[in-house]
Amino acid sequence: MTSTGPKTLFEKIWDTHRIDTGTSGAGLVAIDRVFLHERTGAAALKSMAAAGRPVRDPARVFAVMDHIVDTRIGRGDGTLMEGGSAFITETRAAAKAAGITLFDVNDPDQGITHVISPELGIVLPGVTLVAPDSHTCTQGALGALAWGIGSSEAEHAMATGTLRIEKPKTMRVTFTGQLAPGVTAKDMALALIAAHGAGGGAGHAVEFAGEAVEALDIEARMTLCNMATEFSAMAGFIAPDAKTFEYLAGRRYAPANFEDPYWQTLSTDDGATFDTEIVIDAASLAPMVSWGTSPQHSMPIDGAVPQGPQRAHQYIDLAPGAAMLGTPIDVAFVGSCTNARLSDLRRAAALVKGHKVADSIKKAMVVPGSSSVKRAAEAEGLDTIFTEAGFEWRASGCSLCFFAGGERFPEGSRTISSTNRNFEGRQGPGIRTHIASPETVIASAVAGVIADPRELAKESAQ
Amino acid sequence: MTPFTTLTSVAVPILRDNVDTDAIIPSREMKSTGRTGLAEGLFAPWRYSDVAARTPDPTFELNMPEAKGGQVILGGANFGCGSSREHAVWALVEYGIRCVIAESFAPIFRANCIRNGVLPITLPRADVDALAWQEITVDLPAQMVTAGETTHSLTIEDEPRTMLLEGLDVIDLTLKALPAIEAWTDADRTARPWVYLEKTA
Ligand code: SF4
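Because the structure is a prediction, the values reported are computed rather than measured. (Residues numbered from 1 in each chain as written. Chains lettered and ligands numbered in written order. Predicted model: local features only at pLDDT ≥ 70, side-chain atom pairs only at ≥ 80, totals over all residues. Heavy atoms only, no water.)

Asks: Teacher, can you tell me more about the packing of helix H3 (residues 87-95) of chain B against helix H4 (residues 107-115) of chain B here?
Replies: A pair of packed helices is characterised by two quantities: the angle between their axes and the separation of those axes. Residues and elements named next belong to chain B. One can describe the packing of H3 onto H4 by two numbers: an axis separation of 9 Å at closest approach and a directional angle of 45°. Here H3 is positioned oblique relative to H4, judged by the angle of their axes. The way H3 lies across H4 gives a crossing that is right-handed. The segment H3 lies against H4, with Ala88, Val89 and Leu92 engaging Phe109, Asn112 and Cys113. Tallied by class, the residues present in the contact of H3 with H4 amount to five nonpolar, one polar and no charged. (Axes fitted to C-alpha atoms, helices over the stretch in contact; angles between N-to-C directions. Helix = DSSP H or I, 4+ residues; strand = E, 2+ residues; numbered from the N terminus. Parallel < 35°, antiparallel > 145°, perpendicular 65-115°, else oblique. Left-handed = near helix turned anticlockwise from the far one by under 90°. Contact = heavy atoms within 4.5 Å. Nonpolar A, V, L, I, M, F, W, Y, C, P; charged D, E, K, R; others polar.)

What follows is the structure in structure tokens.
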């Protein structure tokens, strides 16, 4: 049913894509774009082929190798994960057979799905885009309705150009005021989840709004939307504005111009109501870091570890009341679809310049989010800044964000990571993960212990 | 897909909040691009005291003698959060689990359950807790969960209910609406021509 009266951005996109089949049941929603990666994509394509079902419109389906692809420079199809090459070769074969566009291991446009889709203008304001990957919500930063699905739903989307889906509830999260220096979009996301829980967005499509959101550049908006799935939301998105259209202009799959009136309608009308509203004062936020095993176990970096589930304290080996600052770490990682775009690497490089990774750190790595981010960073000399500081500089991929893509560390190793998940075992058996902004990763790598990036910034400014 | 009607089983409690799909099936246990060979890796980090040697951890609920043959597991809030990997549900199915009762579910996991004949039931936490280790009967046609003298009504939207009851292939179902989809697409091509791409590569 199409509603009348003032509408939210979500309702506008939903109504545009709703297909009336004349029968009752869940909504049939048209899907404009599908993105696959080698971890889950081959399974979906192979299962479709086995059922004799073609991809309905292959020109609007894309695939990339990002998850288990090796990130060491000079890579081929071999992977650090045992048996991982099969995912790559089978995805390649299945993509070819299905006639979809594939960005292969050493394609100049290869990169993490949610980094390259905006880079190439595949995701656009007002489209529906799905991928069998939970962080698809990242792409909502461009004003799209983008969400993660399972492999079976991906088959459904590719075979029919639609998904059957119940209409979610709507939520608006408004960040008022302005962020203080040293506080980033990552900290906004962690603060939201810490305050409202990892299930806080369940059943909702979440629009991020307010002064602090409008002030974010497009890449930072992606960081914020990236973590909507950590909030259990179906999707997270931000109304497109002049920055969005400027960002997309000239990108390969984007339209030649954005004059179509459709784009001017993509915002929440005055007077439209949401099922749930949350307001957060952005000015009050500090750099955040996770202390436990769920993103909801996050806290201001200069605080004391709060009381949480005993199991989480045990796993992470930090007692309630302990100071987070000064906790020794073994591994530092800047990467992932949350925080490995050019702007992230620029901020990280600016902070680390003239400093060295502490001797006690066993591994420090920067893995660019895409091959084009890598080239752009190298053109600016960022790679040299990182390697001179003691970081390894890698080729693009998911890498240490999850165990299958990365390397192995001894059980009990503690990492500071610009990624989005601090689950038990996410970065390997027994690994203790602290998620934070790239700035906090850099400051901690330099100090050898969890450290406040604002302090390092002060030092560098002197 | 196997239809779901009724089942009677012990309810095995895994009553933690935010049980994520990395815990249900760790990435390293997804060894092929297929949907099988996953049951052994189910809950591997919790089920085995030594994952490589596959040494069972006797303190993990699924390993307890009374869990034997259980087809229902109980969970806390936000069950199935994290990665979208459908392997989590495939692993559950291969192990023999047909129903998960939890305080709440992460959305992608819940949709994956329905696509694979696993019934996700949401109940208030106190009710979930009370079902632990009970012999329960889940009756989807009657929309009831019964444990001894206690019954709870089970709510699920019409379409997932029908899909589970009939074990429907959803893609076939949707393809029946192809004329409506094509008509919509033709109109949309005019309204939003920029959505439609020419095949380049
Ligand atoms: S970088 Fe991490 S979270 Fe992002 S898509 Fe890759 S594995 Fe998933």
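Asks: Could you clarify how one ought to interpret unusual backbone geometry in this entry?
Replies: Glycine aside, negative phi is the norm for most residues, and most peptide bonds take the trans geometry. All names here are of chain A. For Ser232, which is not glycine, the phi dihedral falls at a positive 70°. Residue position: Ser232 is located in the loop between helix H8 (218-226) and strand E11 (235-237). Take Ser232: its relative accessible area is 2%, and that puts it in the buried class. Despite not being glycine, Asp317 has its phi angle at roughly 60°, a positive value. Mapped onto the elements of the fold, Asp317 is located in the loop between helix H10 (310-316) and strand E15 (331-334). (Buried < 20%, exposed > 50% of the residue type's maximum accessible area, 1.4 Å probe, protein only.)

Asks: Even after reading the chapter, I still don't get the site of the ligand, so can you show me in this structure?
Replies: Residues and elements named next belong to chain A. Neighbouring the ligand are His67, Ile112, His114, Asp133, His135, Ser336, Cys337, Cys398, Cys401, Phe402, Asn420 and Arg426. Class assignment of the residues belonging to the shell around the ligand gives a composition of five nonpolar, five polar and two charged. Composition of the shell around the ligand by domain shows at least three residues from each of domain 1 (9-165) and domain 3 (289-461). (Near = heavy atom within 4 Å. Domains from an automatic or database assignment.)

Asks: Would you mind going over the interface of chain B and chain A with me for this structure?
Replies: How large an interface is tends to be reported as the accessible area lost when its parts come together. Chain B puts 55 residues into the contact, and the matching count from chain A is 73 residues. With both chains or domains summed, chain B and chain A bury close to 5,000 Å², and 55% of this area falls on carbon and sulfur atoms. It is B:Arg28, B:Thr33 and B:Trp194 in chain B that bury the most area against chain A; as a group they hold 17% of the surface buried on that side. In this structure, the connection of chain B to chain A is made through seven salt bridges. Across the pair A:Arg426 and B:Asp22 runs a salt bridge, and its minimum N-O distance is 3.1 Å. At the junction of chain B with chain A, the criterion picks out 25 residue pairs in polar contact (both at pLDDT 80 or more). Put simply, the parts of the chain that give the side of chain B that touches chain A at least two residues each are H3, H4, helix H6 (158-166), helix H7 (170-175) and helix H8 (178-191) of chain B. By residue number, the principal contributor to the side of chain B that touches chain A is H8(B), which donates seven residues. Grouping the amino acids of the side of chain B that touches chain A by side-chain chemistry returns 24 nonpolar, 14 polar and 17 charged. (Buried area = accessible area lost by both parts, 1.4 Å probe. Salt bridge = Lys/Arg side-chain N within 4 Å of Asp/Glu carboxyl O. Polar contact = N/O pair within 3.5 Å; in protein donor to acceptor, adjacent residues only side chain to side chain.)

Asks: Mind showing me how you'd approach the sheet that holds strand E1 (residues 6-14) of chain B here?
Replies: Sheet strands associate in pairs through backbone hydrogen bonding, adopting either a parallel or an antiparallel arrangement. Residues and elements named next belong to chain B. In space, the seven strands of this open sheet follow the order E6-E5-E4-E1-E7-E8-E9, with mixed pairing throughout. Both outer strands of the open sheet, strand E6 (119-122) and strand E9 (150-153), are each paired with one neighbouring strand and no more. In this sheet, neighbouring strand axes are inclined to one another by 25° on average, regardless of whether the strands run parallel or antiparallel. With four bridges connecting them, strand E7 (residues 135-139) and strand E8 (residues 144-147) associate as antiparallel partners. Bridging from a neighbouring strand, Ile136 pairs with Ala147 of E8. (Pairing = 2+ DSSP bridges.)

Asks: Please explain the domain arrangement of chain A as it appears in this structure.
Replies: Residue and element names in this part refer to chain A. Its domain assignment divides chain A into domain 1 (9-165), domain 2 (169-284) and domain 3 (289-461). Using only C-alpha atoms to locate each centre, domain 1 and domain 3 end up separated by 28 Å. Domain 1 puts 23 residues into the contact, and the matching count from domain 3 is 25 residues. Together domain 1 and domain 3 conceal approximately 1,900 Å² of surface at their shared face, both sides included; 56% is due to carbon and sulfur atoms. Of all residues in domain 1, Thr71, Ile112 and His135 bury the most surface against domain 3, accounting for 30% of the area lost on that side. There are zero salt bridges connecting domain 1 and domain 3. Summed over the shared surface of domain 1 and domain 3, the number is 12 residue pairs in polar contact (both at pLDDT 80 or more). Partitioned by chemical class, the residues of the side of domain 1 that touches domain 3 number nine nonpolar, eight polar and six charged.

Asks: Can you walk me through the side chain of B:His152 in this structure?
Replies: Here B:His152 lies in strand E9. Contacts of B:His152, omitting those with residues within four sequence positions, involve B:Leu123, B:Asp127, B:Leu131, B:Gln143, B:Met144 and B:Val145.

Asks: How do you make sense of the packing of helix H2 (residues 41-50) of chain A against helix H5 (residues 151-160) of chain A when you look at a structure like this?
Replies: Residues and elements named next belong to chain A. Viewed as axis vectors pointing N to C, H2 and H5 meet at an angle of 55°, and their least axial separation amounts to 9 Å. Between H2 and H5, the interaxial angle falls into the category oblique. For the crossing formed where H2 meets H5, the hand is right-handed. Judged by residue contacts, Ala44, Leu45, Ser47 and Met48 of H2 engage Ser151, Ala154, Glu155, Met158 and Ala159 from H5. Here the contact of H2 with H5 is built from residues that sort into six nonpolar, two polar and one charged.

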